[in-house]
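Letter by letter, the chains look like this.
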Amino acid sequence: MRTNLSTKWELLLLPTFFLILLLSSCSSSSSTEEVPPPLLNEPVDAKAVLFVGNSLTNNNSMAEMVRQMAFTTNRSLLYTLHAPGGTTIAEHASSTELEAKINSREWNFVSIQAQSFAFVQDTPFVENNVFPDVLTVVDKVSANNSFTIPLYYMTWGQKDGDETLCGPLPDYCTFEGMNGIIKENYLNIMNRTNGQVSPGAELWSVIRDRHPELELYAFDGRHPSILGSYVIALSFYTMIFKADPTEVTWHRDELDAADEELLRDIVKEVVFDRISEWQAN
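Residues numbered from 1 in each chain as written. Predicted model: local features only at pLDDT ≥ 70, side-chain atom pairs only at ≥ 80, totals over all residues. Heavy atoms only, no water.

1. Remarks on the packing of helix α8 (residues 131-144) against helix α9 (residues 175-192)
Part 1 of the argument: Contact geometry of α8 with α9 gives a least axis separation of 11 Å together with a crossing angle of 40°. Taken together, the axis directions place α8 and α9 in an arrangement best described as oblique. Our pair here, α8 against α9, has a crossing hand that is right-handed. Taking contact as the criterion, the partners of F131, V134 and L135 in α8 are, on α9, N185, N188, I189 and R192.
Part 2 of the argument: Its residues placed into classes, the contact of α8 with α9 shows four nonpolar, two polar and one charged. (Axes fitted to C-alpha atoms, helices over the stretch in contact; angles between N-to-C directions. Helix = DSSP H or I, 4+ residues; strand = E, 2+ residues; numbered from the N terminus. Parallel < 35°, antiparallel > 145°, perpendicular 65-115°, else oblique. Left-handed = near helix turned anticlockwise from the far one by under 90°. Contact = heavy atoms within 4.5 Å. Nonpolar A, V, L, I, M, F, W, Y, C, P; charged D, E, K, R; others polar.)

2. Some points on the pattern of salt bridges
Part 1 of the argument: The full count for this structure, using the stated rule, is 12 salt bridges.
Part 2 of the argument: The partner of E64 in a salt bridge is R67, with the nearest N and O atoms 2.8 Å apart. Taken as a pair, E64 and R67 lie in helix α3 (residues 62-72) at a separation of three residues, close to a single helical turn.
Part 3 of the argument: For R67, a relative accessible area of 31% puts it in the partly exposed group.
Part 4 of the argument: In this structure, E99 engages K140 in a salt bridge whose closest nitrogen and oxygen atoms are separated by 3.6 Å. (Salt bridge = Lys/Arg side-chain N within 4 Å of Asp/Glu carboxyl O. Buried < 20%, exposed > 50% of the residue type's maximum accessible area, 1.4 Å probe, protein only.)

Encoded structure:
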């Protein structure tokens, strides 16, 4: 009788046991479905940039470097180039091709780079012969979209100065002299147009002073080496996204990873940590 009673209770409890299992299974399944897995490489901050300049802009695929850097930090860069080699700012100002590119969409930024020779002249020359053409380009950008920010590509002094200008303009005999004039002129036009700058001249000055072993120049002492273009790309990345460049993990095969890390730290110090200096008040 004791055995039959035990069996009877087991038969009564069996449906309850299966009901508990079913409810437990449903609860677990429902909880899993409510928390989908995270998406990888989902863009969180897409920016559209038109790069206007010449060989200093298009050398070493600098804009593509910026795009690749952005991708490694889960950001997205959409860009177009208008940078034929040797083009002057006056030619940009009258270019119908550039105007068509400006009007092709709304841009977050338009990067503007003039020939270094134009911005290394004395103040009266720049005021009368360079700034009017820059302002023409900026006016076309504003006419397309008043919220687009002019982002000037501040270039740098030649590696050993310019011997052809040493006589009448002694400051141009050295890198330091040329670099300071270029920086001053770019900051001037930045403030006059409520723009921003990617401060190449400041970065060149700091890197040359602290790490003379790093070659920022190509063979001609004017254009950037691949390392120099990497620095500029980091600077643009920082200014476009207002983001810490030390978060970038992209590596260019021709460069040493230790040098890249060192340069990311310098760009953070010079650009990101001092970002208010590179934006108009």
